[in-house]
Amino acid sequence: MSTRARPRATSTHRSVLPGVVGASVAVAVVAMVLAGGGPEEVPPGLSDPGPLVGWGVRLARLASDLAAIATVGSLLLTVALLPGRPVGRAVRSSATCWSVAAAVTWFLTMSEASGVAPRDLDVATVSRVVGTPQVSAAASVALLAAALAVVGGRPRGRWEGRGLLGVALGAALAMPLTGHVAGGEPGSQAATSALLVHVLAAVLWVGGLAALVLHLRGDPAGLSVAAPRFSRLALGAFLALAGGGAVSAAGVLGPPGPDWFSGYAAVVAAKVGVLGVLGAAGHLHRRRTMPRLGRGEPGAFTALASAELVWMGAAAGLAVALSRTPPPAALAPSVDDHVAFSTPPVLSVPGVVTQARPDVLVVTVLATALVWYVAAARSASTSTGSRWPARRTVAFVAGLLVVFLVLCSGLAAWAPVLLSVHLGSLVVLLVVAPTLLLAGRPLTLARGRVPAPLVGASVACAVVLLVQVGPVLETSLRSSAGRLVAAAVALAIGVALLAPLLDPGPGAGRPADAVGAVGLVALGLGVLAVRLLVGDGLLAADWFLELRLGWSDPLRDQRVAGLVVAAAAGWLLLVGAEEALRGAHRDGPQEPVPGPGGQSRTSTRPTRSSSVTGP
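Residues numbered from 1 in each chain as written. Predicted model: local features only at pLDDT ≥ 70, side-chain atom pairs only at ≥ 80, totals over all residues. Heavy atoms only, no water.

Q: Explanation requested: the overall build of the chain in the structure shown.
A: Helix and strand counts for the chain come out as 24 helices and two strands. Buried residues in the chain amount to 44% of all 615 residues. A separation threshold of at least 6 residues defines the contact pool for the chain, and within that pool the share at least 24 residues apart is 79%. A total of about 29500 Å² of accessible surface is found on the chain, and carbon and sulfur atoms cover 67% of it. (Helix = DSSP H or I, 4+ residues; strand = E, 2+ residues; numbered from the N terminus. Buried < 20%, exposed > 50% of the residue type's maximum accessible area, 1.4 Å probe, protein only. Contact = heavy atoms within 4.5 Å. Areas by Shrake-Rupley, 256 points an atom, 1.4 Å probe, with all protein chains shown as cover.)

Shown next, in the form of C-alpha cells:
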C-alpha cells in the first residue's frame, strides 16, 4: 500500500506568521506615534505607571486580537469551510495565547487606569478600577478564551462546533465595544452596530484566510474544496467590513470639516488604503488564482494569500492604533444631547414610524438570513423536484419583519426608557419571532440537528432569574450594545426552545421532552410576571430614577410589563398544550382499516416530525 507524502511548506509559508506579526506591530507603533495614540504625558503631580505600561497594554491588545483571529479561523474551518477537519491542537494553542494576552491586557489596563505601577497595585486600588468597561471586558475575554482552550479542541458535533465559534466571535467583539465609538455616547447606537459589523466581518475574513494558509497549505485537495467556500464568505465580509467601517468612521468624524485632518482621520485613511489593496488581491484571486487552484495548481493561491495576510496584519495594527487614538473633540456630546436622546416623546402609534432607528447590524443580519433562506429553498426545490411551499417562505419573512420591527422601529427608541416596551420586545423575540421563523422550516433547509429542548429551557430560566436579582436588566437598558446582546440571546433561546416542536427534523427527541421544557419556561415567566405585577420594588430603579420621565410612572409601567410577560407565559402554555394534545392523539389507539386481501392493518398518519424532510 502506497502512501502520499505531505507536501512541504515553502519558505513563503514558513515566514508568513513572523511577517504578519512583524507588520502588525510595526504599523501599530508607527501609527500611534504619528497620530497621537501612544501613552500620554501625565501632568506634574499625578501618578504615572510609566511608558512601559502604556506601550505594553497596547501591544498586549494587539497580541490578543491576532490570537482571536487565529482561533476564530480554525473553528470556522472545521465548522463551515471544511467540516470535520481536525484543528484541535491549533485551537488550543491559539486560544491559550489569546487568554494569556487578554490577561496581560487586563492587568496592565488596571495599572494604566489607576495610574499605579504594576508592582504597586493593591486591593484598594484594584477595587476602584476593576468595574470599568475596559477592565471588565479584558477579564471576560481572558476567561472565555481560557474556556475555549480547554474545550475548543474537541467539538463533538456540528452544534457544539457552531456554539464554540459563536463564543469565540462574542469574545472577539468584547473589547472593541469599549472603544471610542461604542463607549456609550448618546446617539451612538448606529455607530456601535456598524462597529460590530466591521469587527465581525474582519475577524471572519482574516481568520478564514489564515486558516486556509496555515492548515491547508499541504493539502491541495482540501484547499480546492475550502477555498471556493471561503471566496463566497470573503466577498460578503469585504462589503460588510467596508460598509460598517464607513458608518462607524462617519459617526466619529461627522461631515467634512477640520476633524477630517486630525490624527484619527489619518489612521482611518490608512485603513482605507490597506482595504483597497486587499480588495485588489481578492479580485486577483477570483480572476487568476482560483481557476488555477481548480486545475490542481495551489501555489499561486497560497503565495498571494500569504502576502495578503501580511497586509491584513498591517490592518490589524492600524485597528489597534485607531482604538487608542483620541477622536476629534466634536465627538463629545453635550448635556442637552443626552437629555434629548434619553427622553423620547410620549409613546404613540405614529411614533413607531417617526421615531424609527434602523440598525446597521440588525439589517445586515436579517438581509443575510433572507438571502440564505431564499437560496436554500431554491436548492431544496431543485433537489426534490417539487416547489418549496410559499406559506413557509411567507412565515419566515414575517418572522424577519417582526425582528426588524422590534429592533429598528420606534420601539427601539422607547425600549431604554420604558420597562414595558423593553421586556415586551424581548418577549416578542422569545416567543413570536421564533414561532414565525420556525414555521418556515429553516432547520430543515439547513439539515441541522435540533438542540435538546432542556438546553433552551435551562438558559431561559437562568436569564429570567438574572433579570430579577442581577444587574443584567439595567445593563441592557443603559447600553445599546447590551440591548443588542439581550435581543440576540432572547431570539436564540426562543429558537432552541420551540424548534423541537415546530421544526424538529429527523432524529428529534421525544415531543414530551419539548412540551416539558416549554412548560418550565412558561412557569419561569409566570414567576417574573407575578414579581412585576405585585412586587413593591422597582427593577432597575437607579436607571429609571435617573431618567425622571415626566410623562411615565416607572412603577405603573412595571405593572404593564408584568401583563406583557404574563401574556407570553400564556402563549407558551397554549403551544405546549397543543403539542401535548397532538402527541396524545398520535399515541392513542389506532383503528384498523381493511388492507389488501381483506386483512386488517393499522392506519398510520404522517406526523409533524415525519414530514419535515420534504418540502
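Q: How do you make sense of the packing of helix 10 (residues 263-294) against helix 11 (residues 299-324) when you look at a structure like this?
A: The description of two helices packed together rests on the angle between their axes and the distance between the axes. Following both chains from N to C, one finds helix 10 and helix 11 inclined at 165°, their axes separated by 10 Å at the closest point. Overall, the two elements helix 10 and helix 11 adopt an arrangement that is roughly antiparallel. For helix 10 against helix 11, the interelement crossing comes out left-handed. Tallied by class, the residues present in the contact of helix 10 with helix 11 amount to 21 nonpolar, three polar and three charged. (Axes fitted to C-alpha atoms, helices over the stretch in contact; angles between N-to-C directions. Parallel < 35°, antiparallel > 145°, perpendicular 65-115°, else oblique. Left-handed = near helix turned anticlockwise from the far one by under 90°. Nonpolar A, V, L, I, M, F, W, Y, C, P; charged D, E, K, R; others polar.)

Q: Would you mind going over the nonpolar core with me for this structure?
A: The nonpolar side chains of a soluble globular protein tend to be buried with one another. In terms of nonpolar packing, the biggest core is built from 103 residues, with Leu77, Trp98, Trp205 and Leu212 touching the most fellow members. The dominant element in this core, judged by the number of residues it contributes, is helix 8 (residues 189-216), at 16 residues. Excluding anything up to four places from it in sequence, tryptophan 205 contacts Phe230, Ala234, Ala237, Phe238, Leu241, Leu275, Leu278, Glu308 and Met312. Ranked by size, the runner-up nonpolar core spans 41 residues in total, among them Leu501, Ala517, Leu525 and Val575. (Core = buried A, V, L, I, M, F, W, Y, C linked by side-chain atoms within 4.5 Å.)

Q: Help me understand helix 3 (residues 51-81) in this model?
A: Think of an α-helix as turning once every 3.6 residues; residues three or four places apart then point the same way. Helix length check: helix 3 (31 residues) gives 43 Å between terminal C-alpha atoms against 45 Å at 1.5 Å per residue, within 8%. Within helix 3, 23 of the 31 residues are buried, which leaves the element mostly enclosed by the surrounding structure. (Expected span 1.5 Å × (residues − 1).)

Q: How do you make sense of a nonpolar patch on the surface when you look at a structure like this?
A: A grouping of Val21, Val25 and Leu59 is seen on the molecular surface, where their side chains present a nonpolar patch of about 200 Å² in accessible area. As for its position among the elements, leucine 59 is in helix 3. Relative accessible area serves as the criterion here: at 34%, leucine 59 is assigned to the partly exposed category. (Patch = residues over 30% accessible without salt bridge, like charges linked within 9 Å, V, L, I, M, F, W, Y side chains within 5 Å. Salt bridge = Lys/Arg side-chain N within 4 Å of Asp/Glu carboxyl O.)

Q: Sorry, what's going on with empty space enclosed by the protein here?
A: Once rolled over the atoms, a probe with the size of a water molecule shows which space is left empty. What the rule picks out here adds up to three cavities of 30 Å³ or more. If you add up the space inside the largest cavity, you get close to 150 Å³. If you go around the largest cavity, you meet twelve residues; those closest to its centre are Val406, Leu407, Ala415, Arg483 and Ala487. Of all elements in the fold, only helix 15 (390-408), helix 17 (419-439) and helix 21 (480-502) reach the threshold of two or more residues within the lining of the largest cavity. Looking at the lining of the largest cavity, the element that brings in the most residues is helix 17, giving four residues. (1 Å grid on protein atoms, 1.4 Å probe; cavity = no way out; pocket = protein on both sides within 12 Å on 5 of 7 lines; lining within 4 Å. Points joined across faces, edges and corners; volume = space filled by probe spheres on them.)

Q: Would you take a moment to explain the packing of aromatic side chains for this structure?
A: The relative placement of two aromatic rings is captured by the distance of their centres and the angle of their planes. Going through the model one piece at a time under the given rule, you end up with three aromatic pairs. Ring plane angle 85° and centroid distance 5.8 Å describe the contact between tryptophan 205 and phenylalanine 238, whose orientation is recorded as edge-to-face. Here the residue tryptophan 205 occupies a position in helix 8, and phenylalanine 238 occupies one in helix 9 (residues 220-253), the gap between them amounting to 33 residues. According to the relative accessible area criterion, phenylalanine 238 is partly exposed, its value standing at 24%. (Phe/Tyr/Trp six-rings, centres within 6.5 Å; stacked < 30°, edge-to-face > 60°.)

Q: Is there a simple way to explain the pattern of salt bridges in this structure?
A: Side-chain pairing between opposite charges can occur once the charged atoms of the two side chains come close. Taken as a whole and judged by the stated rule, the model has five salt bridges. As a salt-bridge pair, aspartate 219 and arginine 85 come within 2.7 Å of each other at their nearest N and O atoms. Of the two residues, aspartate 219 is situated in the loop between helix 8 and helix 9 and arginine 85 in the loop between helix 3 and helix 4 (88-114); the sequence distance between them amounts to 134 residues. Comparing aspartate 219 with arginine 85, the two get one shared label, buried. Note that glutamate 297 and arginine 292 form a salt bridge whose closest N and O atoms lie 3.2 Å from each other. Of the residues examined, glutamate 297 reaches a relative accessible area of 34% and is grouped as partly exposed. Salt bridges linked by common partners bring Arg58, Glu112 and Arg324 together as one network.

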